[in-house]
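What follows is each chain in one-letter form.
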Amino acid sequence: MPAQVRGLQGTTTTDVAKSCTSTSDCPGLTSPQLVGSYWVSRTVTPVPNTVTAGRVAIEGRLVCNDAGLSPSLGCPTVAPFPTIPVKSATADFEFTESSTALIANQRRTIVDIGKCKGCHDDQKHGDVVVPRLSLHGGNRNENLDLCVVCHNPNQTDVNYRYLSTTDARIGAAETPIDFKTMVHSIHAGGFRKTPFVVVGFGSSVNDFSDVRFPAELRKSCLQCHVVDASGRGSFELPISATALGTTVRTQSVYQVANGQPRTIDVSPANDLKITPTAAACSSCHDNSEVRSHMVRTGGASFGTTQDKIGVTVKERCANCHGRGKDKDVRKVHELGSR
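Quick summary incoming for the structure in this document. (Residues numbered from 1 in each chain as written. Predicted model: local features only at pLDDT ≥ 70, side-chain atom pairs only at ≥ 80, totals over all residues. Heavy atoms only, no water.)

1. Thoughts on the layout of surface pockets
Okay, so step 1: Here the second largest pocket is characterised by a volume of approximately 400 Å³.
Okay, so step 2: Around the second largest pocket, the lining is made up of 19 residues, and of these Glu174, Pro176, Arg192, Val248 and Arg291 lie nearest the centre.
Okay, so step 3: Of the residues that constitute the lining of the second largest pocket, the class distribution is 9 nonpolar, 6 polar and 4 charged. (1 Å grid on protein atoms, 1.4 Å probe; cavity = no way out; pocket = protein on both sides within 12 Å on 5 of 7 lines; lining within 4 Å. Points joined across faces, edges and corners; volume = space filled by probe spheres on them. Nonpolar A, V, L, I, M, F, W, Y, C, P; charged D, E, K, R; others polar.)

Quick look at the structure:
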């Protein structure tokens, strides 16, 4: 999980932001930029140590009170104070001590947040109201670059699992929360054979079996995915050779009673993973026959380590399902011509 720094509290305490009152407080800023700016630092060690770039994200909510905002907003003067969700922000950087460390976004664009908001708008679609993308207490809002900071290929929900005596699902096998796996699985709640259950903060059980996509799921890839200038959809095969597999087992020891010592293995090197193409496709197509086909015909694995992916474990899915092939993803999903 990413290193976290919490709270713009206006202090100089380690790992807590301080308000910028002078250029000496916040090196690199000019006087006009000091207003509304904060300085915070955190030392991190990349894992593995060959990592050369990272991402910083800002999330949170304004607290509406007369002490902090203009009274013209109508904020109350006594608690409880309402909060105002604001769009999250991200920036990529190189691991170098420099005022020019910021670099361009290193990730390819896969989906368009504007398309997501076509459904996630707090309006009724079909029989249900689809909520806006304001998650985790309204702290994280409408920025997919932020989502993938935590919902990355190495992450599962193991941090919140233990051997519960009240709900067996909490102590069950850890569930991947890699964004491609999670989002497909949630949207396919009415299609999957196995319920997609994520254990979240406070060991809350989140069962997405009742989710129904408000359109024909099979034909809806373009309602989220982008298409490049050549007409290639971001869902089409083959995917990038550098794509990581999706962790399904971290080698953690967590099936112990709540409060008892657990061992959460944070090294991705020994994680058991699903190969990347199969990780995306099996999120919807999760029945045993299709998974068996992915392994036998497609060369996929549902339990290998990252160092073997692309070396001794090589997916062949694109041979049949690649762009222009007989079982082209666009063709079998009936998405029309390019």
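2. Things to note about the nonpolar core
Okay, so step 1: By size, the foremost hydrophobic cluster in this structure holds 10 residues: Cys116, Leu133, Leu144, Val148, Ile177, Phe179, Met182, Ile186, Phe196 and Val198.
Okay, so step 2: If you tally residues by element for this core, the top one is helix 3 (residues 179–187), at 3 residues.
Okay, so step 3: Setting aside residues no more than four positions away along its own chain, Phe196 makes contact with Thr175, Pro176, Met182, Ser185, Ile186, Asn206, Asp207 and Phe208.
Okay, so step 4: In this structure, Cys221, Phe235, Cys317 and Leu335 belong to the second largest nonpolar core, which totals 6 residues. (Core = buried A, V, L, I, M, F, W, Y, C linked by side-chain atoms within 4.5 Å. Buried < 20%, exposed > 50% of the residue type's maximum accessible area, 1.4 Å probe, protein only. Helix = DSSP H or I, 4+ residues; strand = E, 2+ residues; numbered from the N terminus. Contact = heavy atoms within 4.5 Å.)

3. Quick look at the environment of Val197
Okay, so step 1: Relative to the assigned elements, Val197 resides in strand 12 (residues 197–199).
Okay, so step 2: Look at Val197 and you get buried, because its relative accessible area is 13%.
Okay, so step 3: Taking the C-alpha atoms as reference points, Val197 and Pro176, separated by 21 residues in sequence, lie 9.7 Å from one another.
Okay, so step 4: Setting aside chain neighbours within four positions, we find Val197 in contact with Asp157, Arg161, Arg169, Thr175, Val205, Asn206 and Asp207.

4. Quick notes on the packing of aromatic side chains
Okay, so step 1: A complete count under the given rule lists 3 aromatic pairs for this structure.
Okay, so step 2: A centroid spacing of 5.2 Å and a plane angle of 75 degrees characterise the contact between Phe93 and Phe95, whose relative ring orientation is edge-to-face.
Okay, so step 3: Aromatic pair Tyr160 and Phe201: ring centres 6.2 Å apart, planes at 75 degrees, arrangement edge-to-face. Of this pair, Tyr160 sits in the loop between helix 2 (144–150) and helix 3 while Phe201 sits in the loop between strand 12 and strand 13 (205–207), and the two are 41 residues apart along the sequence. (Phe/Tyr/Trp six-rings, centres within 6.5 Å; stacked < 30°, edge-to-face > 60°.)

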